[in-house]
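Secondary and tertiary structure notes
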There are 2 protein chains.
Amino acid sequence: MCLVRGVQLTPIRQQVLVLIWDSHKAVKAYDLLDRIKPQQNAAKPATIYRALDFLIEQGLIHRAGSLNAFIGCSCSDHQHELLLLICKHCNEVEERATPDVMQALSQEFNQAGFTAHSKAIEAHGICGKCSDFHSIS
Amino acid sequence: MCLVRGVQLTPIRQQVLVLIWDSHKAVKAYDLLDRIKPQQNAAKPATIYRALDFLIEQGLIHRAGSLNAFIGCSCSDHQHELLLLICKHCNEVEERATPDVMQALSQEFNQAGFTAHSKAIEAHGICGKCSDFHSIS
DNA sequence: TCAATAAATGTTATATTATAACATTACATT
DNA sequence: AATGTAATGTTATAATATAACATTTATTGA
Ligand SMILES: [Zn+2]
Ligand SMILES: [Zn+2]
Ligand SMILES: [Zn+2]
Ligand SMILES: [Zn+2]
């Protein structure tokens, strides 16, 4: 994908991406810094934040503003809207496509005369797995 | 409102609330700290963050996660869902009620088996006023 | 090819945002 | 007055993020 776009997925960027994609939970920048140290001994905060900026730019990850953390994008092959379901119990984050919601949103923007460049929905609650577990036990 | 709920809108809390409500832009915690100093000479970060926590708890303000900033609630008399339209040009933030969007969202949650405790939508773009201005000039 | 240019990274320092921990004060209840 | 609770004061530090400038690496195009 990066090849096609003519951008460089350098080792640092790839390592950060893999660390984020390996986790189903949102990951903090400084955790990434700690975890990348074995491979990138010279890594500093700027190293991470630059990689994060690049990956966000390319739509490969998202920033979860309510958590100050980052989550891998599950459908990075196309530009898309964002709905994150954040579980308070297991901390996992599920990303979903949401055509219906986004269409309703677009109408709202029209009414408001607002031109949206990005829209992000972050919901906090309890995921299916966790509520199943609770009702069983 | 606070009386009815049996919670205290102390001077510090009220001053923070007024500072936030006076602005149509999202306000940063440390700006609040600077601006409350004349009235509350002893104010420290904890002073502000405690007031912010209280005001959020009471639904009087919202945190805009994508900005790490805070915005007054325009309909604080009831619990409600959140849609913030954040203008990149003038930095003003408009809050809108969004029954349609939120209903579509609820369906999405049902499908996902997710129990939402809070849902926040933050859209970045250009507000009506600013795009009018641009098209005129 | 090889200098010129642009992109990425290294490095140091600092800015910004937020919380922890414990002490003190204010005020209501018994 | 003794007790308990909520709010605030105070000091320190943790956590998140960027600025600024130097160096290295990749790309371009004469
Ligand atoms: Zn995505
Ligand atoms: Zn869960
Ligand atoms: Zn509101
Ligand atoms: Zn505007």
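Data block above holds the structure.
Report follows, based on the coordinates. These numbers come from a predicted model, not from an experiment. Starting afresh in each chain, residues are numbered from 1 along the sequence in its written order. The naming scheme follows written order: chains are lettered A onward, ligands numbered 1 onward. Two thresholds apply to this predicted model, a pLDDT of at least 70 for residue-level local features and 80 or more for giving and counting side-chain atom pairs, whereas whole-chain, interface and lining totals are computed over all residues. Here the side-chain values reflect all heavy atoms present in the structure, with hydrogen atoms and water set aside.

Details of unusual backbone geometry
Residues and elements named next belong to chain B. Here is the rule: Segments assigned H or I by DSSP are reported as helices when at least four residues long, segments assigned E as strands when at least two residues long, and all are numbered from the N terminus. Each residue is assigned to one of three classes by its accessible area relative to the maximum for its type, calculated with a 1.4 Å probe on protein chains only: buried under 20%, partly exposed between the two thresholds, exposed over 50%.
Although it is not a glycine, Asn 68 sits at a positive phi angle of roughly 45 degrees. Structurally, Asn 68 can be placed in the loop between strand 1 (61-64) and strand 2 (69-72). Here Asn 91, not a glycine, exhibits a phi torsion of approximately 65 degrees, which is positive. Tracing the backbone shows Asn 91 in the loop between strand 3 (82-87) and strand 4 (93-95). Classification of Asn 91 by relative accessible area gives partly exposed; the value is 44%.

Brief notes about the coordination of the zinc ion (ligand 2)
Residues and elements named next belong to chain A. Applied cut-off: Coordination partners: N, O, S within 2.8 Å of the metal, 3.2 Å for Na, K and Ca; water not considered, so apparent gaps in a site are possible. All geometry calls rest on donor angles, where a four-donor set with angles between 85 and 135 degrees is tetrahedral, four- and six-donor sets with opposite donors more than 155 degrees apart and all others between 65 and 115 are square planar and octahedral, and all else is irregular.
In this structure, Cys 87 (SG), Cys 90 (SG), Cys 127 (SG) and Cys 130 (SG) serve as the protein donors to the zinc ion (ligand 2), at separations of 2.3 Å. Coordination at the zinc ion (ligand 2) is tetrahedral, judged from the four donor atoms that bind it and the angles of 107 to 113 degrees they form at the metal. Assessed through its relative accessible area of 13%, Cys 127 is described here as buried. Among the residues examined, Cys 130 registers a relative accessible area of 7% and is labelled buried.

Points about the interface of chain B and chain A
Defined as follows: Contacts are residue-level and defined by heavy atoms, with any inter-residue pair within 4.5 Å sufficient. Summed over both partners, buried area is the accessible surface (1.4 Å probe) that two parts give up on being assembled. By definition here, a salt bridge exists when the distance from a side-chain nitrogen of Lys or Arg to a carboxyl oxygen of Asp or Glu is within 4 Å. For this analysis, a polar contact is any N or O atom pair within 3.5 Å, provided that within protein one partner can donate a hydrogen and the other can accept it, and provided that sequence-adjacent residues contribute only side-chain to side-chain pairs. Residues are sorted three ways: Asp, Glu, Lys and Arg are charged, Ala, Val, Leu, Ile, Met, Phe, Trp, Tyr, Cys and Pro are nonpolar, and all the rest, Gly among them, are polar. By the convention used here, strands pair only if DSSP detects at least 2 bridges between them.
Facing 38 residues of chain B, the contacting portion of chain A comprises 38 residues. Across the chain B/chain A interface, buried area totals approximately 2700 Å², and carbon plus sulfur atoms make up 56% of it. The largest contributions to the chain B side of the interface with chain A come from B:Glu108, B:Phe114 and B:His117, which together make up 19% of the buried area. For the pair chain B and chain A, the number of links is two salt bridges. Between B:Glu108 and A:Arg96 there is a salt bridge, and its shortest N-O distance comes to 2.8 Å. The interface formed by chain B and chain A contains 14 residue pairs in polar contact (both at pLDDT 80 or more). Among the elements of the structure, strand 3, helix 5 (99-112), strand 5 (115-126) and helix 6 (128-136) of chain B are those that each provide at least two residues to the side of chain B that touches chain A. Examining the composition of the side of chain B that touches chain A, we find that twelve residues originate from one element, strand 5 of chain B, more than from any other. Residue composition of the side of chain B that touches chain A, grouped by class: 17 nonpolar, 13 polar and eight charged. Sheet topology places strand 5 (residues 115-126) of chain A next to strand 5 of chain B; eleven bridges connect them, and they run antiparallel. What sits directly across from A:Thr115, in strand 5 of chain B, is B:Ile126.

What about the pairing of strand 2 (residues 69-72) of chain A?
Residues and elements named next belong to chain A. Here strand 2 shows no split at all, with Ala 69 and Ile 71 on one side and Phe 70 and Gly 72 on the other all buried. Across four bridges, strand 1 (residues 61-64) lies against strand 2 in antiparallel orientation. Bridge pairing in strand 2 links Ile 61 to Gly 72. Linking strand 1 to strand 2, which pair antiparallel, is a turn of four residues; within it Asn 68 sits at a positive phi near 50 degrees.

Overview of the protein's contact with DNA strand D
Let me state the cut-off plainly: Note on terminology: near, applied to a residue and a molecule or strand, indicates that one of the residue's heavy atoms is within 4 Å of it.
DNA strand D sits among 17 residues. The nearest are A:Lys28, A:Tyr30, A:Tyr49, B:Thr10 and B:Arg50. The sugar-phosphate portion of DNA strand D accounts for 45% of its atoms within 4 Å of the protein, the bases making up the rest. One of the side-chain N or O atoms of A:Lys28 is found 2.7 Å from a phosphate oxygen in DNA strand D. Within the contact set of DNA strand D, a base nitrogen lies 3.3 Å away from a side-chain nitrogen or oxygen of A:Arg50. Among the secondary structure elements, those contributing two or more residues to the surface near DNA strand D are helix 4 (45-57) of chain A together with helix 2 (11-22) and helix 4 (45-57) of chain B. When residues of the surface near DNA strand D are assigned to their parent elements, the largest contribution, four residues, is made by helix 4 of chain A. Residues of the surface near DNA strand D, tallied by class, amount to seven nonpolar, four polar and six charged.

A few points about the sheet that holds strand 3 (residues 82-87) of chain A
Short version of the rule: Axis definition: a line fit to C-alpha positions, over the contact stretch in the case of helices; interaxial angles, taken between N-to-C directions, run 0 to 180 degrees.
Taken in spatial order, the six strands line up as 4(A)-3(A)-5(A)-5(B)-3(B)-4(B) in an open sheet, and their pairing is mixed. Looking at strand neighbours, the two that pair on one side only are strand 4 (93-95) of chain A together with strand 4 of chain B, the edges of this open sheet. Along the sheet, successive strands turn relative to each other by an average axial angle of 20 degrees, direction set aside. Across the sheet, helix 5 (residues 99-112) of chain A lies against strand 3 and strand 5 of chain A together with strand 3, strand 4 and strand 5 of chain B, angled at about 130 degrees from strand 5 of chain A, the strand it touches most. Docked against the sheet, helix 5 of chain B engages strand 3, strand 4 and strand 5 of chain A together with strand 3 and strand 5 of chain B, running at close to 130 degrees with respect to strand 5 of chain B.

None of this, on its own, says anything about what the molecule does.
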